[in-house]
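Results of the structural survey
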Amino acid sequence: MVIQLPGNEQTLRNYVRWLRGTGQVPKSENKGRIYEFVDGIPPGKQLIVDFGEQKIEDGITIHFMCMLLRFSKFLFVVVQDHKFNSAEACRGLYLCFKRIGGRVEVLVIDQDTVFIYEEKYGEIIETQTFSAFLKEQNLSLFVCRKADPESKGGIEKSVQFVKQNYFSARKLHTLQEARTGIAAWQNRKNVRIERGTYQIPVEQLKVEQQFLQPLVPSLYAMVENDFIIYEVKDMPYVRYKANRYPVPRTYCFSFVKYKVINDVIHIYDIKTGDKIIQHEIDKRKGITVKAPELKREPSDAWKAVATALRVKYFSKSLDHFINGVCKEHVRYRYDQLKAIERFLESRKPIDREFLEQVFAACCNQCAYSIAGFETIFTLLEKEMHPSDFPLDPLGAKPLSGVKVQQRGLESYAKAFRELSAEHEGGQR
């Protein structure tokens, strides 16, 4: 049984402090990381780059890109309302070069997917766009290790400084407010004394500009900061990350532009600038988003064929027959009507009264197809010209000198049903 000792928490802390002070409890060994002082970087040598994001009023997320000259500590910030892609990041770098009046020799970057596709034990594979930008601007690259404050601690502090000093002290509602405000803010920041160097960044920039490489033209100077250009090919979809988002079919084999704001992709006409459509971003991968309003409308080419039939072969039962064909063969209306038109063209001239009998018989027997139409047409034609055919509709041979018996429509209907049954049995 443990007897409770008199005292409280402070008594215990005092006792432990006494044990440590007298050496009865050994001090724990400090196994923290040991740092080395980074020697001064010569002017015009390095530009450090990092990204950050900050939510403002109305739930809008602002994404920003910080660029810091290693020697002069001159800070340049670019903001936008969606994550940076490779082209937009390259444009931000080029804007920085224009602001400082030249190019550095080395870019110091983190392992951001905007710049780096893959890293294996120091072997760096850049994204295609960023690799082209490095070649265009003749830049070298220094990629930091993960958790490496010696090489990127300065820019990480700059990102934190932008969040704490600029965003936290202002109520911003729109992207334009953030852009306008941060431009004036960074100008004020760059004329203040830097705590680490006790120098003014703007004054040090004047010294550093003498060592910068001259500016060269860039393809990324014209890239729109808010939009991404996309080529729509033979399928009416815009691919964003791993998903596909539909656009009207008229934009196939042309270019559109889009931007993503608050998980919504906005797609615009590249010529007029008008918005085409917008979709909510699907967080899943490999998804093809559907838009009922963009569903392909059925072809109405059959209407022209139906009109042509009415003009050429108008009769009392023709409309009934055409409506029956369209109802029975919704997917093949054009093919059926076009085949009937070709058949009639091959049998010209046609008596209108005879044609009315054919259409009426087809309607009575519900023969709304090219096969039924041809069969009834042939049967009635045999009745009108019996000497031209050695066989009657039932297939019996007529006796020589015997008068051909005239039959009613019911016999032809029966023959049509028998022929149809034989036709279906042959297909099986």
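Throughout this description, residue numbers start from 1 for each chain and increase along the sequence as written. Local features in a predicted model are, by the rule used here, given only for residues with pLDDT of at least 70; side-chain atom pairs are given and counted only at 80 or more, and totals for whole chains, interfaces and linings are based on all residues. Side-chain descriptors were evaluated using all non-hydrogen atoms of the structure, hydrogens and water having been removed beforehand.

What follows deals with the environment of serine 218. Secondary structure elements follow DSSP: runs of H or I of four or more residues count as helices, runs of E of two or more count as strands, with numbering from the N terminus. Looking at where serine 218 falls in the secondary structure, it is placed in the loop between helix H6 (201-208) and strand E8 (228-232). Along the primary structure serine 218 and cysteine 90 are separated by 128 residues, whereas in three dimensions their C-alpha atoms are 9.5 Å apart. For serine 218, the residues in contact, after removing those within four places along its chain, are Tyr94, Phe133, Glu136 and Gln137. Between N or O atoms, a polar contact is any pair within 3.5 Å; within protein, one atom must be a potential hydrogen donor and the other a potential acceptor, and residues adjacent in sequence are included only when both atoms are from side chains. In terms of polar contacts, serine 218 uses its side chain to reach the side chain of glutamate 136, at 2.6 Å. The contact rule is simple, with two residues in contact once any of their heavy atoms fall within 4.5 Å.

Helices are assigned an expected span. That span is 1.5 Å times one less than the residue count. Counted at 1.5 Å a residue, the expected span for helix H9 (residues 333-346) with its 14 residues is 20 Å, and the 20 Å between its end C-alpha atoms agrees. Regarding H9, the residues found buried are Arg333, Gln336, Leu337, Ala339, Ile340, Glu341, Phe343 and Leu344. Its buried side turned inward, H9 meets helix H7 (301-312), helix H8 (318-328), helix H10 (352-364) and helix H11 (370-384). Exposure categories follow from relative accessible area, calculated using a 1.4 Å probe and restricted to protein chains: below 20% of the type maximum is buried, above 50% is exposed, and the middle band is partly exposed.

Quick look at the environment of arginine 244 now. Mapped onto the elements, arginine 244 comes out in strand E10 (residues 243-246). Since its relative accessible area comes to 28%, arginine 244 is described here as partly exposed. As a C-alpha pair, arginine 244 and valine 289 span 45 residues in sequence and 6.1 Å in three-dimensional space. Once you skip the residues sitting within four places of it in the chain, arginine 244 turns out to touch Tyr237, Val238, Arg239, Ile287, Thr288 and Val289. Separated by 2.7 Å, the side chains of arginine 244 and threonine 288 make a polar contact.

Turning to the environment of methionine 384, a few remarks are in order. If you trace the backbone, methionine 384 turns up in helix H11. Residue class for methionine 384 comes out partly exposed when judged on its relative accessible area of 44%. Residues methionine 384 and phenylalanine 354, 30 residues apart in the sequence, show an inter-C-alpha distance of 9.0 Å.

Before going further, it helps to examine the pairing of strand E12 (residues 264-269). With respect to burial, E12 is a largely interior element, six of its six residues being buried. Where strand E11 (residues 254-261) and E12 come together, six bridges link them in antiparallel fashion. Looking at E12, one finds that valine 256 is bridged to aspartate 269. With antiparallel pairing between neighbouring strands as the criterion, E11 and E12 make up a hairpin whose turn holds two residues, including asparagine 262 at a positive phi of roughly 50 degrees. Paired strands are those between which DSSP finds at least two bridges. The turn joining E12 and strand E13 (residues 275-280), which pair antiparallel and follow one another in sequence, is formed by five residues; a positive phi near 80 degrees is taken by glycine 273.

This part is about the sheet that holds strand E4 (residues 106-109). Here five strands make up an open sheet; going across it, the order is E3-E2-E1-E4-E7 and the pairing mixed. Looking at strand neighbours, the two that pair on one side only are strand E3 (75-80) and strand E7 (140-143), the edges of this open sheet. Averaged over all neighbouring strand pairs, the angle between strand axes comes to 25 degrees, with direction disregarded. The pairing of E4 with E7 spans four bridges and is classified as parallel. Bridged to valine 106 within E7 is serine 140. To get an axis, fit a line to the C-alpha atoms, keeping to the stretch in contact for a helix; angles then go from 0 to 180 degrees between the N-to-C directions.

Salt bridges, as used here, are contacts in which a Lys or Arg side-chain nitrogen is within 4 Å of a carboxyl oxygen on Asp or Glu. Evaluation of the coordinates by the stated rule reveals ten salt bridges. The salt bridge partner of arginine 310 is aspartate 319, with a shortest N-O separation of 2.6 Å. According to the relative accessible area criterion, arginine 310 is partly exposed, its value standing at 29%. Here glutamate 345 makes a salt bridge to lysine 312, at a shortest N to O gap of 3.2 Å. Of this pair, glutamate 345 sits in helix H9 while lysine 312 is found in helix H7, placing the two residues 33 residues apart along the sequence. Judged by its relative accessible area of 35%, lysine 312 falls in the partly exposed class.

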